[in-house]
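# Inside the fold
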There are 2 protein chains.
Amino acid sequence: MAFTLDVTSMTEPAVPSGVRDDDWAALAERFRAAHQAVSVIAATGLYGYRELERQSAERARVTAFAAEVAGRYDDIVVLGIGGSSLGAIALRSALLPAAWNARTTTERSGRPRLHVLDNVDPRTITGVLSVVALPRTLFVVISKSGGTVETLAQYLVVRDRLAREGLDAARHLAFVTDPVTGALRAIAVRDGIPAFAVPPNVGGRFSVLSPVGTLPAALCGIDIEALCTGAMVMRDATMGDDLMRNAAGLFATLQWRAHAQAGQGQHVMMPYSDALRDLAPWFVQLWAESLGKVDADGMHVGPTPIASVGATDQHSQVQLFMEGPADKTVTFLRVEASADDVEIPRLEAGEKALAFLGGHTLGELLDVECRATARALARAGRPSMTMTVGASDAWHVGGLMMWLMQATTLAGALYRVNPLDQPGVELGKRLANRELGHPDFAASVLTSDLASDLASGAEDRPVPTRRIRVG
Amino acid sequence: MAFTLDVTSMTEPAVPSGVRDDDWAALAERFRAAHQAVSVIAATGLYGYRELERQSAERARVTAFAAEVAGRYDDIVVLGIGGSSLGAIALRSALLPAAWNARTTTERSGRPRLHVLDNVDPRTITGVLSVVALPRTLFVVISKSGGTVETLAQYLVVRDRLAREGLDAARHLAFVTDPVTGALRAIAVRDGIPAFAVPPNVGGRFSVLSPVGTLPAALCGIDIEALCTGAMVMRDATMGDDLMRNAAGLFATLQWRAHAQAGQGQHVMMPYSDALRDLAPWFVQLWAESLGKVDADGMHVGPTPIASVGATDQHSQVQLFMEGPADKTVTFLRVEASADDVEIPRLEAGEKALAFLGGHTLGELLDVECRATARALARAGRPSMTMTVGASDAWHVGGLMMWLMQATTLAGALYRVNPLDQPGVELGKRLANRELGHPDFAASVLTSDLASDLASGAEDRPVPTRRIRVG
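Treat the numbers as computed from the prediction; the structure is a model and nothing was measured.

## What about the overall build of chain A?
Helix and strand content of chain A: 17 helices and 13 strands. For a compact globule of 471 residues, the expected C-alpha radius of gyration is about 23 Å, and chain A comes in at 24 Å, within 12% of that figure. For chain A, the spread of C-alpha atoms along the three principal axes comes to 65 × 60 × 60 Å. By residue count, 60% of the 471 residues in chain A fall in the buried class. Contacts in chain A between residues far apart in sequence, at least 24 positions, make up 76% of those at least 6 positions apart.

Put into structure tokens, the structure is as follows:
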């Protein structure tokens, strides 16, 4: 049970643009300052994602609820978007067997399928409602604020269906939301719907280890204590201010340094593992939404995270990573040994293109390709690092997620932004709410120039339209 | 049945960095030159993806085969990677009902599920083999060259399983490969396995309208004639050299201009539609692998395509797009009207956060969010364009794919690269093949400095390793 982060190919001489021996002292100092800034904020209690011991009571409620309803449902349908869905999707891919949702009830031994409705497309909710039997379905509605318009719209559709089939809402709904405020909390209290709390000091994109991620996971039989134990081990190993002993600090500092000093601001996350595949989009939200904003000097900053998967994307994106502009770093995620590896049979001895494969395993092939891609990138002067985990089990997945959350917090200090807010999405939300007739719109407090313009109608001035029509 | 491309927000005054009125003449001229370069190459027959009439005989064979085997299989399993899988995945999402693979045989009316094994992870192939009944399964092995190591490894595993269950390979395998050469073709001839041809002048990432995409699609009941008809309509509308009348030329030219003249080299593809969601990763391969390479001046060039989906990624990436560095363009894909829209019920009148949603539809909500996001981006000075299609049916999906393939060809000329090759992936392939013991490795022709270094063992020189271990 271990994690190893190898950053050799982020350094010189492996890669010419990499860190030189005499750069390390300054980087260690820069990291110490960032660590200090994070510590000051942490002391105010804002980094709730780390406080897993304090959250053990709510976690026990999740476990007890999952035990209580075991066998009652064939399908769990999560209604949530962004930070309320990406964690559950990543946990499903990592910790439920592949093709889980295509298995029959018997093949799943009575454990439910997990569907995540992370968009308001009518086609998708209709599709999922057509394959579940409502009397055997639990809908988990997740919105930290209780006011996410996409999720509330889905909730209304589902609640109406339940009512029409004469089903008890309290038996077919569960909420994950703020402990006190918001529409979902009010409805839960009114109607006796089971509700689990997202701690107020845990932001959406940092919430996977709260009931936001653990409730859907536990309902499908995932070991959430192992998940959180792995996370706590990683947390404890990434609290210090010594750069060379802090894997999260090293990741954050090397990414920041690649961006600031070598123009490498596109950060590719490339698991060589189908199990870890959906950790990449989860990381994309974490890194993009936390760091892409206005910094302390008023500059627009932030790296662009890119989700990729190996070996698949060797046939899609690696050409660009190898020969395109030298503006990227690649982080490989490797799993040491696969429990259920598959040997490639010795067939087709007459076919040169096939014969040499016999006797190898698929896991070996995947791993050889990972190392070959890393070496080819280094030979082309393109930096990469490799995080190797012992297995893709709950303990290691929890650890990986904590590693990246810790790194994001530290990167916020390096980039000199607040990693916990997302002011850039407000304007779009207001424009949509106004068009939909939200009663608060007119009264909403206008805090920015954009919002003032908006209120005055300035954004509505007509501009000449340019369109092409085909067909 | 129509497509409308609105580029207003790629222009000034909608967006300050956009095209100014007096820039258009030079852009039109630059496009005419690129168009001329493409025409010269097209005359040599290299752009086979456009020659859909010539490919009608093979398409008829695909249709006849699908009709012949109708009802025989419950599961179609594609073994393919990159250009041999992304098209099938995009067609499945777009043209099979949502949650298709979670439906029972009866709910699917006898039509098969579609699984795409686009990676060599042993867990995934084991998972899929555990949910299909081999006697009711057809494996479609897709490799243009017939030598893709990942796909051949999967083929060997599957072939062995079929043999062990005493099943006839010719009834449970179908190949899509080169018409004459390669290991798969040789095996097909030897064993009487149905085999369909990828025309030699159709590259992998341009092959979705060949049997690479049409065979899996037709087997699941998708109308491949409608797909190709939509594509031909779009092709005919995007052959001319007048920038303002060529939607593919306009897309390519505005993206290239944004990159070259405004530093906007990250090109986000953001469908507001779950059906069109997987067009984005398909486009990512097309744009990245075609354009990310060394140009005529020896410079490393190419935009970074980024896959996104609305409204979902408003809660993930839009913060970065709004407030991060001003280095991105966003292309929205919108579907005009959803056939099976869902009304949001008027419930919870007492809850302000919910009451205003009642009476709207989910489709309306999705569309309001798309337009609000585009307007918010424009107000923040961030460029975007919007492609609107009448419906997400086969005809329009074929048209969208042709639009982007035509645009890629034209962008190759604008970026002054060969959009049809992928030299940057060779080194990684060689390193992997050497480690796996491929007999050709020693004898392979060495054409680059990298390859020479490799042959001499220079890439193997040790570098100091830097690692952190946790746990």
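## Section: the relation of the copies chain B and chain A
Screw-axis analysis of chain B against chain A gives a translation of 0.0 Å along the axis, an RMSD of 0.0 Å, and a rotation angle of 180°. When the rotation and shift are considered jointly, the pair of chain copies conforms to a two-fold rotation axis. Closest to the rotation axis within chain B is the C-alpha of Ala-102 of chain B, separated from it by 2.6 Å. Mapped onto chain A, 100% of the interface residues of chain B are again interface residues, and the two copies thus contact each other with one and the same surface.

## Concerning the sheet that holds strand β12 (residues 384-389) of chain A
Hydrogen bonds between backbone atoms are what pair the strands of a sheet, whose relative direction is either parallel or antiparallel. Taken in spatial order, the 6 strands make up an open sheet running β10(A)-β7(A)-β11(A)-β12(A)-β1(A)-β13(B), and their pairing is mixed. With one partner strand each, in any of the chains shown, β10 (304-307) of chain A together with β13 (467-470) of chain B form the two edges of the open sheet. In this sheet, adjacent strand axes meet at a mean angle of 15° when their direction is disregarded. Across 4 bridges, the pairing between strand β1 (residues 3-6) of chain A and β12 of chain A is antiparallel. Bridge assignment links Leu-5 of chain A to a residue of β12 of chain A, and that residue is Met-387 of chain A. Strand contacts of helix α14 (residues 362-379) of chain A: β11 (328-335) and β12 of chain A, with the helix running at about 160° to β11 of chain A, the strand carrying the most contacts.

## Side note on the confidence of the model for chain A
Residue and element names in this part refer to chain A. Within chain A, residue pLDDT values average 94, and 95% of them lie at 70 or more. Here residues 443-449 is a poorly scored stretch, pLDDT under 50, and it has 4 contacts once near neighbours within four places are set aside; other chains count. Across the assembled chains, the prediction reports ipTM 0.95 with pTM 0.96.

## A few points about the interface of chain B and chain A
Counting residues at the interface gives 135 residues for chain B, matched by 136 residues for chain A. With 11 residues, the top contributor of residues to the side of chain B that touches chain A is helix α14 (residues 362-379) of chain B. Looking at the side of chain B that touches chain A residue by residue, the class counts come to 68 nonpolar, 39 polar and 28 charged. As paired elements, strand β13 (residues 467-470) of chain A and strand β1 (residues 3-6) of chain B share 4 bridges and run antiparallel to each other. When the bridges of β1 of chain B are listed, Ile-468 of chain A appears paired with Leu-5 of chain B.

Reading the values: rules and limits
Residues numbered from 1 in each chain as written. Chains lettered and ligands numbered in written order. Predicted model: local features only at pLDDT ≥ 70, side-chain atom pairs only at ≥ 80, totals over all residues. Helix = DSSP H or I, 4+ residues; strand = E, 2+ residues; numbered from the N terminus. Rg over C-alpha atoms; globule rule 2.2 N^0.38 Å. Buried ≥ 20, exposed ≤ 12 C-beta atoms within 10 Å, placed from the backbone. Contact = placed C-beta atoms within 7 Å. Least-squares fit on C-alpha atoms with pLDDT ≥ 70 in both. Pairing = 2+ DSSP bridges. Axes fitted to C-alpha atoms, helices over the stretch in contact; angles between N-to-C directions. pLDDT = per-residue confidence, 0-100. Nonpolar A, V, L, I, M, F, W, Y, C, P; charged D, E, K, R; others polar.

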